[in-house]
Amino acid sequence: MPTKQTFAEVFQSRGLSRRDFLKFCSLTSVSLGLAPSLVPKVVHAMETKPRTPVIWLHGLECTCCTESFIRSSHPIVGDMVMNMISLDYDDTLSAAAGHQLEEVRKKIMKEYNGQYILAVEGNVPTKDDGVYCMVGGDSFLNVLKETAAGAAAVIAWGACASFGCVQNADPNPTGAQPIDKIIKDKPIVKVPGCPPIAEVMTGVITHVHTFGKLPELDRMGRPKAFYSTRIHDKCYRRAFYDAGMFVRGFDEESTRKGWCLYKMGCKGPTTYNSCSKIQWNEGTSFPIGSGHPCIGCSEPGFWDKGPFYTRLADVSFLGTDTTADKIGMVAVGAAAAGAAAHAAVTAVKKKQHDKEQEQ
Amino acid sequence: MAKKIVVDPIPRIEGHLRIEAKMNDANVIEEAYSTGTMWRGIEVILKGRDPRDAWAFAERICGVCTTVHALASVRCVEDALGIEIPANARIIRNLMAATQQTQDHLVHFYHLHALDWVDVVSALKADPAQASAIAQSISPWPKSSVGYFKDLQQRLVAFVESGQLGIFSNGYWGHPAYKLPPEVNLIAVAHYLEALDFQKEIVKIQTVFGGKNPHPNYVVGGMACAIDPNSDTAINIERLNMIKKIIDETQTFIDQVYIPDLIAIAGFYKEWLYGGGLGNFMSYGDFPETNLNDFKSLLWPRGIILNKDLSTVIDVDPRDMSQIKEEVGHSWYTYSKGSDKGLHPWEGETKPNYTGPKPPFEFLDTDKQYSWLKTPRWKEQPVEVGPLARVLIAYAKGDPMIKETVGMVLGKLQVGPEALFSTLGRTAARGIECKQTAGFMGHFYDQLVANIKAGDYKTFNSERWEPSTWPKECKGFGYTEAPRGSLGHWIRIKDEKIDEYQIVVPSTWNASPRDNRGNSGAYEAALKGTPMVDPSKPLEILRTVHSFDPCLACASH
Amino acid sequence: MGRLIEEIYVWRLPVRLYHWINAFSIVALVVTGLYIASPVINPPLGEAVWQHNFVMWRYVHYCVAFVFTGNFLYRMYYALLSDDRYAKFGGFRPWSPAWWGKPFREQVESYLFLRQDEPNYVGHNPVAALAHFIFIFCGSTFMILTGMAMYAENRPGSFMDAAFGWVLPLFGSSYNLHYAHHIAAWIFPFYVIVHLYAVFRHDIVDRTSVTSSIITGYKHKVEDEAAA
Ligand code: HEM
Ligand code: HEM
Ligand code: NFV
Ligand code: SF4
Ligand code: SF4
Ligand code: F3S
Ligand SMILES: [Mg+2]
């Protein structure tokens, strides 16, 4: 049974030496950002404990990242939680409740200090002592800090934990913050999306499990494997974009023919995600594939870039809502009007001056 | 002196729920207090935005009942702006809502609720041959051979022996309130895993029409997915075939796995009839066959039942400013014109005002404000919403299909209809409704195909798309029957922007704190009178609370 | 009419060349840029792969953008390394309080009609220098950095990405980057209007033939006729 095998046993059964195994362990520690003194601990863990413990916390969120996670088709989540990781704490799926559940978290934090992965779904409310999200009688803010302290690495699930998402949209009534604003001293893998694609989520975990290290991250802290190109760059409607064939309203001839949704406000050109490649729900479709413009749900601050059905957001300007182009046009108009007025005054002054000179 | 116990966090729900309960010396619950411990302020965030964007914000209230807030939202905006959506859009939305309901109920039963009744560890002792025999006796489901259960049991043994129990760590295994024989436990574990795998298929229907799940896309005025049987980029026969296949499989899974399991498990708990609660039930109705204001066309009927009286179904009108009101006397909010009066959502407001103890704390002050949920009441009365309410109202109204399914389930369990007023009744009602709704899915599919066949491809009404066509000021109401019950969105639009947006959610009705008259909501009422075998392992509280399928992100939003 | 007393060679050929290439590219970039932002031409139904309507607008924008950038760098080079005193912006020292002193004040006062005499400069007057610095130097730098960063988005891992990819996180997101580039584009039409007005006005008021100087290179000093 694979479930019974420790990592050490897996290595043995594949004909790899103990040296290979030790090398793997130290590489793992390095890529997890652990101090070299912790390597023997990792070796011990790998020899005795087959599956990486995962603590999955929920803050201000909608649980849709969890829902997406359980939609994964390869691997399926049953295999994931039975064979690959040990999802020891997750309020959505755990059997234990109340203090028995908190006990599990404390136990993992102690026994696997420096070895467990902390997965976070949701934002951290920072206003008013964190009373906008409380777990087990304490603020989520405290729980998160406490649990992060001994984590080997942190996974930030979804737009919430990565960048902020809906509760952090203007005016952000709870002071909701993404987790990198709170956790500063751990490697954080951001997996944005509202929610992220299921196979991207399980892909991130299995990457660590299979290759023994964290996936390479881009400048924004996202795994390159899933976030290095924009929706637009692999969109099947791209030919229509290049041709300038744009949908101008829903349910028109052009819509049925699958023209480009750029003019409907599609944020594909500015959105890094795998939707146009992996697609959603085992490759069934993706937003653009079903006729709706991308709203940019894996991008920082996308909620405040509305209205969604326009290319450029409304901005607040001197107390009014307007667009960048209106501001620009007003400025240019003002410049022209100003020049004309200035010319008029110049002419008047000059006439006066000439008159004075004549006298 | 009464002992107080706290269950927090409550797992296997959506969001953050806390229960404080007072027990008497015989360990029977005397008072219970239900607390939502998170608030995000979506109603506040929606203000000032484009009403056409509202669905996306509202949808993020919850990823478990994803879709339903988007649906209620587009419906309330369309109501405000006077938009009639095309028939295809109505049918597609019905199909998506039905998809949500079946998937959500399946996940609830197996992954959120089953472990309150099923002892996973006991399954290790099961005899696979006997498990196979039982499975085959209750259902024609093909995955029921001896070998199948043997393999599974071996996997389970390996899993338990690894010493890492993962999500099963520290559960109440061996608790005396567990009554199932090891073989039934083993079958349930098998179906736990199968359902986990299958639920992800059902939602593909939403992906076809809405582009993804969770959080599929909607538009005000219809649906964005174009229909054209002669286009390779619109809904064509390939897409329809996929939907048809999923509907068929869903119906089979519910008939051959969910319902037999429900009956088998419930059969061992027939005497555990606690958790009835309020006895008041409400449903707005849903699945319109014409439009939302034609109540006779709703496949799930609307109405109110009071005091378990199935002989009378009272009308409910969520637009009537005197019927539905939200109170904040025990919630962490204030109202500018006095926090002691309830407000109808069209004049509602959301102003947070935390007055509880500074965390960390041991107990909340449950005599004062103690929850992030408001307290919705119908004519000042608490009502329960959800599958049980819907089933009872349809039953009381004499819906023949519901009568038949209810009769079948009650008959197999050999209990009378009064057994429905209980924790188990609530759980059974969810299964009954799931079967009914899966049936509707086939009906909606047929309607869609018939329309397309007749040459009707229309999915969107563009008349009121441009904000310049809107009235300067208007208000609207949108509703749906979400998996957990009646959901309403009330909107006020002014100068092309959202002026006020109020959401009253099923779980707000059920999980609300006490009202201004001191009356409990459904959770609190249902917990009263429940005896606890071992208060340090409050399995009974989990059972009853879970039977409502709590969603706290929804409830407080 | 005044009498021509001196002819000064102010704008050497490199400056004039730069000026007209710059003027041409800015017009082209504004037009193609705004078209990219909201395309209006609607091609007929048909196969998309055979049409290049929109991609051409973008292509032109990029081509001109590189001309514009090269021209800009060339002007920087010329300002820093040539011995052309009028091209060097030598006197432009906004960090020094002295620079904001009398000459600058006088020029502003003159524009505000607070003084009768028009101060005269052979090179740029201080206000023009400041305007060029803000709109042309800062504006172009901004457009080039944001533009190149967007261009780099097309090729993750490329040289362009290595050179300009760091710009994107400064703006927080790709959308913000596009937005910033778009809104900043408007400073150019604004500047051009003010610039043209200033040039033509100076020509009439000071009678130094500034306008033609950017074509011929020569400015003229004119002596006022004695009062009648
Ligand atoms: C898009 C249009 C234009 C742009 C962006 C532009 C930009 C500039 C810039 C950047 C300079 C400073 C040159 C340097 O020192 O490197 C300049 C100077 C000048 N430009 Fe233009 N220009 C434009 C059109 C014109 C036109 C149409 C004329 C007149 C026919 C003109 C006349 C001049 C003159 C006379 C100067 C020197 C003035 C001074 O700074 O004292 N420009 N222009
Ligand atoms: C005076 C200088 C420039 C002006 C006025 C200008 C203007 C614009 C405008 C208005 C847009 C549309 C933005 C949007 O709505 O998305 C745009 C896009 C763009 N510009 Fe420029 N631009 C200038 C210089 C440059 C330069 C130097 C580059 C460098 C390569 C550049 C590269 C781009 C790119 C890559 C885009 C995005 C096109 C797309 O979305 O496909 N621009 N520009
Ligand atoms: N309560 C609730 Fe929902 C449902 N069903 C919403 O309307 O779960 Ni999140
Ligand atoms: S990122 Fe989006 S989907 Fe995930 S929890 Fe947050 S709101 Fe829900
Ligand atoms: S539909 Fe969106 S992502 Fe696809 S090509 Fe058009 S603009 Fe790009
Ligand atoms: S809206 Fe989100 S799901 Fe993909 S196509 Fe756009 S990033
Ligand atoms: Mg509300």
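Let me sum up the structure you'll find in this document.

Criteria and cut-off values
- Residues numbered from 1 in each chain as written.
- Chains lettered and ligands numbered in written order.
- Predicted model: local features only at pLDDT ≥ 70, side-chain atom pairs only at ≥ 80, totals over all residues.
- Heavy atoms only, no water.
- Helix = DSSP H or I, 4+ residues; strand = E, 2+ residues; numbered from the N terminus.
- Buried < 20%, exposed > 50% of the residue type's maximum accessible area, 1.4 Å probe, protein only.
- Near = heavy atom within 4 Å.
- Nonpolar A, V, L, I, M, F, W, Y, C, P; charged D, E, K, R; others polar.
- Polar contact = N/O pair within 3.5 Å; in protein donor to acceptor, adjacent residues only side chain to side chain.
- Donors = N, O, S within 2.8 Å, 3.2 Å for Na, K, Ca; no water.
- Tetrahedral: all angles 85-135°; square planar, octahedral: opposite > 155°, others 65-115°.
- Pairing = 2+ DSSP bridges.
- Axes fitted to C-alpha atoms, helices over the stretch in contact; angles between N-to-C directions.
- Contact = heavy atoms within 4.5 Å.
- Salt bridge = Lys/Arg side-chain N within 4 Å of Asp/Glu carboxyl O.
- Parallel < 35°, antiparallel > 145°, perpendicular 65-115°, else oblique.
- Buried area = accessible area lost by both parts, 1.4 Å probe.

So, about unusual backbone geometry. In this structure, A:Pro75 follows A:His74 across a cis peptide bond, with omega equal to -5°. Here A:Pro75 shows up in the loop between α4 (64-69) and α5 (77-84). Here the amide bond leading from A:Gly306 into A:Pro307 is cis, since omega sits at 0°, within 30 degrees of zero. By secondary structure assignment, the location of A:Pro307 is in the loop between α12 (253-256) and β10 (314-317). You will see that B:Arg12, though not glycine, has its phi angle at about 55°, which is positive. With a relative accessible area of 1%, B:Arg12 lands in the buried category. The phi torsion at B:Lys379 lies on the positive side, around 45°, for a residue other than glycine. Structurally, B:Lys379 can be placed in the loop between β9 (375-378) and α10 (387-396). Classification of B:Lys379 by relative accessible area gives partly exposed; the value is 44%.

Taken together, A:Ile231, A:Thr271, A:Asn273, A:Cys275, A:Trp280, A:Pro287, A:Cys294, A:Ile295, A:Gly296, A:Cys297 and B:Lys212 make up the full set of residues near ligand 6. Surrounding ligand 6 are residues belonging to chains A and B, so the site spans chains. Of the residues assigned to the shell around ligand 6, the class counts are 7 nonpolar, 3 polar and 1 charged.

What follows is about the site of ligand 1. Residue and element names in this part refer to chain C. Near ligand 1 lie 23 residues; those nearest to it are His-19, Arg-75, His-124, His-195 and Val-210. The side chain of Arg-75 places a nitrogen or oxygen atom 2.6 Å from an oxygen atom of ligand 1. Between an oxygen atom of ligand 1 and a side-chain N or O atom of His-124, the distance comes to 2.5 Å. Among the elements of the structure, α1 (13-37), α4 (126-153), α8 (187-206) and α9 (210-216) are those that each provide at least two residues to the shell around ligand 1. With 7 residues, α1 is the largest single contributor of residues to the shell around ligand 1. Across the shell around ligand 1, the residue classes tally to 14 nonpolar, 8 polar and 1 charged.

On to the coordination of the nickel atom of ligand 3. All names here are of chain B. Protein-derived ligands of the nickel atom of ligand 3 are Cys-62 (SG), Cys-551 (SG) and Cys-554 (SG), with the metal-ligand distances lying across 2.3 to 2.5 Å. Here the nickel atom of ligand 3 is ringed by 4 donor atoms whose angles at the metal span 92 to 151°, and the overall shape comes out irregular. In the primary sequence, the donor residues of the nickel atom of ligand 3 line up as C-x488-C-x2-C. Between the nickel atom of ligand 3 and the iron atom of ligand 3 the interatomic distance amounts to 2.8 Å, and Cys-554 serves as a bridging ligand to the pair. Of the two residues, Cys-62 is situated in the loop between α2 (54-59) and α3 (68-81) and Cys-551 in the loop between α15 (539-547) and α16 (552-556); the sequence distance between them amounts to 489 residues. Per residue, the accessibility class of Cys-62 equals that of Cys-551, and both read buried.

All names here are of chain A. The parallel open sheet is built from 5 strands, whose spatial order is β2-β1-β3-β7-β9. At either end of the open sheet lies a strand with only one pairing partner, and these are β2 (85-90) and β9 (188-191). Mean inter-strand twist for the sheet, computed between neighbouring axes without regard to direction, equals 25°.

Residue and element names in this part refer to chain B. Distances from the magnesium ion (ligand 7) to its protein donors, Glu-43 (OE), Ile-503 (O) and His-557 (NE2), fall at 2.1 to 2.3 Å. In terms of primary sequence, the donors binding the magnesium ion (ligand 7) are separated according to E-x459-I-x53-H. With Glu-43 in helix α1 (residues 42-46) and Ile-503 in strand β12 (residues 497-504), this pair connects stretches of sequence that are 460 residues apart. For Glu-43, a relative accessible area of 4% corresponds to the buried category. Judged by its relative accessible area of 0%, Ile-503 is buried.

Let us look at the interface of chain A and chain C. With 46 residues of chain A at the contact, the number on the chain C side is 49 residues. Run the count over chain A and chain C and you get 3 salt bridges. A:Arg230 is paired through a salt bridge with C:Glu153; the nearest N and O atoms lie 3.8 Å apart. Along the contact surface separating chain A from chain C lie 18 residue pairs in polar contact (both at pLDDT 80 or more). Put simply, the parts of the chain that give the side of chain A that touches chain C at least two residues each are α11 (238-243) and α13 (324-358) of chain A. With 15 residues, the top contributor of residues to the side of chain A that touches chain C is α13(A). Here the side of chain A that touches chain C is built from residues that sort into 24 nonpolar, 8 polar and 14 charged.

Residues and elements named next belong to chain C. Remark: helix α3 (residues 102-111) packs on α4, axes separated minimally by 8 Å, with the N-to-C direction vectors making an angle of 90°. On the basis of the axis angle, α3 is roughly perpendicular to α4. Residues Pro-103, Phe-104, Gln-107, Val-108 and Tyr-111 of α3 lie in contact with α4, whose contacting residues are Pro-126, Val-127 and Leu-130. For the contact of α3 with α4, the per-class residue count stands at 7 nonpolar, 1 polar and no charged.

A separate point is the pattern of salt bridges. Side-chain pairing between opposite charges can occur once the charged atoms of the two side chains come close. The full count for this structure, using the stated rule, is 58 salt bridges over all chains. For B:Lys200, the salt bridge identified is with B:Glu201, shortest N-O distance 3.4 Å. Here the two residues B:Lys200 and B:Glu201 agree in accessibility, since each one is buried. Via salt bridges that share partners, A:Arg230, A:Asp233, A:Arg238, A:Asp242, C:Arg58 and C:Glu153 belong to a single interconnected network.

Between chain A and chain B, the contact holds 93 residues from the first and 97 residues from the second. A buried area of about 7,900 Å², summed over both sides, lies between chain A and chain B, and 59% of it is on carbon and sulfur atoms. Counting the surface chain A buries against chain B, the share from its top three residues, A:Met82, A:Met134 and A:Arg256, is 9%. Inspection of the region where chain A meets chain B yields 4 salt bridges. The partner of B:Lys358 in a salt bridge is A:Asp129, with the nearest N and O atoms 3.8 Å apart. Those elements that provide at least two residues to the side of chain A that touches chain B are β1 (52-58), α4, α5, β2, α6 (98-111), β5 (134-135), β6 (138-139) and α12 of chain A. Residue contributions to the side of chain A that touches chain B peak at 7 residues, all from α6(A).

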